[in-house]
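So you can see what is in the structure, the chains are spelled out below.
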Amino acid sequence: MAQIIDGRLLAQKIEEQIRQEVGKMGIKPGLAIILVGNDPASQIYVDSKERACHRVGFYFEEILLPREIGQEKLIEIIKLLNENPNFHGILVQLPLPGHIDEIRVLSAINPKKDVDGFHFSNLGRILVTKRNTPDDALIPATAKAILLLLESTGVPIEGKKAVVLGRSNIVGKPVALLLLQKNATIEICHSKTQNIAAECLSADILIAAIGKPLFVTKEMVKEGTIVIDVGINRIEDKFDPRGYHIVGDVDFENVKNKASFITPVPGGVGPMTIVMLLENTLRIVKNPDIV
Ligand code: NAP
């Protein structure tokens, strides 16, 4: 039976350290989040980031823009935020509406304020680095969260076979690179991977980040694997007041009987991702020339 990695508890501990550090600072770290459109799931994520900012004493502003906004107008707004000294960090909540080129928009953020670490220069720094986690990059929050959750188990990453399900720019690829820096042997799987179950069975560390509810079953996990579930999927549930409940990409109830460690959903990667965002903002305040 697996030990459950309590992401909420770990996040609370780190958040408390951040709160204390901010209390001793002469300035208030500032975070601006741009939200385009009124997607309810995105609004929930932004709200929880806002609450976290308030808890640790950050200045927070949400810039809510209409869904129809043009790309150039959005980039103009980002450029104004780049120049605004009240904001140390800028984040554009994803996904953006289809008519907007996400990569162009993310590239408009000043890399020194890129708290999500999605600007290609920050992503590039993870690629072009020495064999340790780079201190001179803003690392995408979810990837960093996954690494800390793994490290919290006390099991060395070095030499392990890590299988990453998903190759997105914001989760799969960056976490694979971070694990490579930690001397794991990496395999990245995606929608065109053949016999994914066999690949998963070879993993000592399995990271599931595909957005497919309960995709990873117990038959896909070998005894003793460390399983990190990144997925956040809504399942219709007429007994839940919200009309849905959240599950991960892993069939937690069954996989937990085979894994050595496992993260729950909710309560695993999610809370740690938010606290890593706070940490990135604080790193910028302490070192404005971080990149
Ligand atoms: P994404 O951009 O949609 O990428 C999904 C990846 O999964 C793609 O690489 C895709 O392959 C792969 N994939 C999809 N179906 C697959 C299948 N049946 N077999 C194998 N691979 C498959 O998603 P994302 O932004 O990385 O997010 C992934 C999940 O993590 C989502 O549920 C998201 O909500 C969640 N998430 C959670 C946090 C958190 O803080 N907990 C943060 C970010 C994301 P192709 O490249 O071939 O299409």
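The name given to the protein in an unreviewed UniProt entry is Bifunctional protein FolD. Reading the Subunit (unreviewed entry) entry of the UniProt record for the protein gives the comment "Homodimer." The UniProt entry for the protein carries this comment under Function (unreviewed entry): "Catalyzes the oxidation of 5,10-methylenetetrahydrofolate to 5,10-methenyltetrahydrofolate and then the hydrolysis of 5,10-methenyltetrahydrofolate to 10-formyltetrahydrofolate."

K.L.:
What's the story with the UniProt feature "binding site: NADP(+)" (unreviewed entry) in the protein in this structure? I'm lost.
P.N.:
As annotated in UniProt, the feature "binding site: NADP(+)" (unreviewed entry) corresponds to Gly 166, Arg 167, Ser 168 and Ile 232 in the numbering used here. Relative accessible area serves as the criterion here: at 8%, Gly 166 is assigned to the buried category. If we ignore the near neighbours within four places in the chain, the residues touching Gly 166 are Gly 172, Ile 188, Cys 189, Ala 209 and Ile 210. Residue position: Arg 167 is located in the loop between β5 (161-165) and α7 (172-181). Look at Arg 167 and you get partly exposed, because its relative accessible area is 41%. Other than its neighbours up to four places away in sequence, Arg 167 contacts Gly 172, Lys 173, Ile 188, Cys 189, His 190 and Lys 192.

K.L.:
Quick question: what am I supposed to make of the UniProt feature "domain: Tetrahydrofolate dehydrogenase/cyclohydrolase NAD(P)-binding" (unreviewed entry) in the protein here?
P.N.:
As annotated in UniProt, the feature "domain: Tetrahydrofolate dehydrogenase/cyclohydrolase NAD(P)-binding" (unreviewed entry) corresponds to residues 140-287 in the numbering used here. Secondary structure over residues 140-287 splits into 33% helix and 19% strand, and the C-alpha atoms at its two ends are 17 Å apart.

K.L.:
Explain the domain arrangement of the protein here, please?
P.N.:
By a widely used convention, the size of an interface equals the accessible area lost when the partners come together. What the domain assignment lists for the protein is domain 1 (27-113) and domain 2 (140-270). Computed from C-alpha atoms alone, the centre-to-centre distance between domain 1 and domain 2 is 27 Å. Interface area, domain 1 with domain 2, both sides summed: about 290 Å², of which 62% is carbon and sulfur. The largest contributions to the domain 1 side of the interface with domain 2 come from Ile 44, Tyr 45 and Leu 94, which together make up 67% of the buried area. Scanning the region where domain 1 abuts domain 2 turns up 0 salt bridges. Viewed at the interface, domain 2 and domain 1 are joined by 0 residue pairs in polar contact (both at pLDDT 80 or more). At 4 residues, helix α2 (residues 40-56) tops the list of elements feeding residues into the side of domain 1 that touches domain 2.

Calculation rules
- Residues numbered from 1 in each chain as written.
- Predicted model: local features only at pLDDT ≥ 70, side-chain atom pairs only at ≥ 80, totals over all residues.
- Heavy atoms only, no water.
- UniProt positions renumbered as here; feature names shortened; annotations may be inferred.
- Buried < 20%, exposed > 50% of the residue type's maximum accessible area, 1.4 Å probe, protein only.
- Contact = heavy atoms within 4.5 Å.
- Helix = DSSP H or I, 4+ residues; strand = E, 2+ residues; numbered from the N terminus.
- Domains from an automatic or database assignment.
- Buried area = accessible area lost by both parts, 1.4 Å probe.
- Salt bridge = Lys/Arg side-chain N within 4 Å of Asp/Glu carboxyl O.
- Polar contact = N/O pair within 3.5 Å; in protein donor to acceptor, adjacent residues only side chain to side chain.

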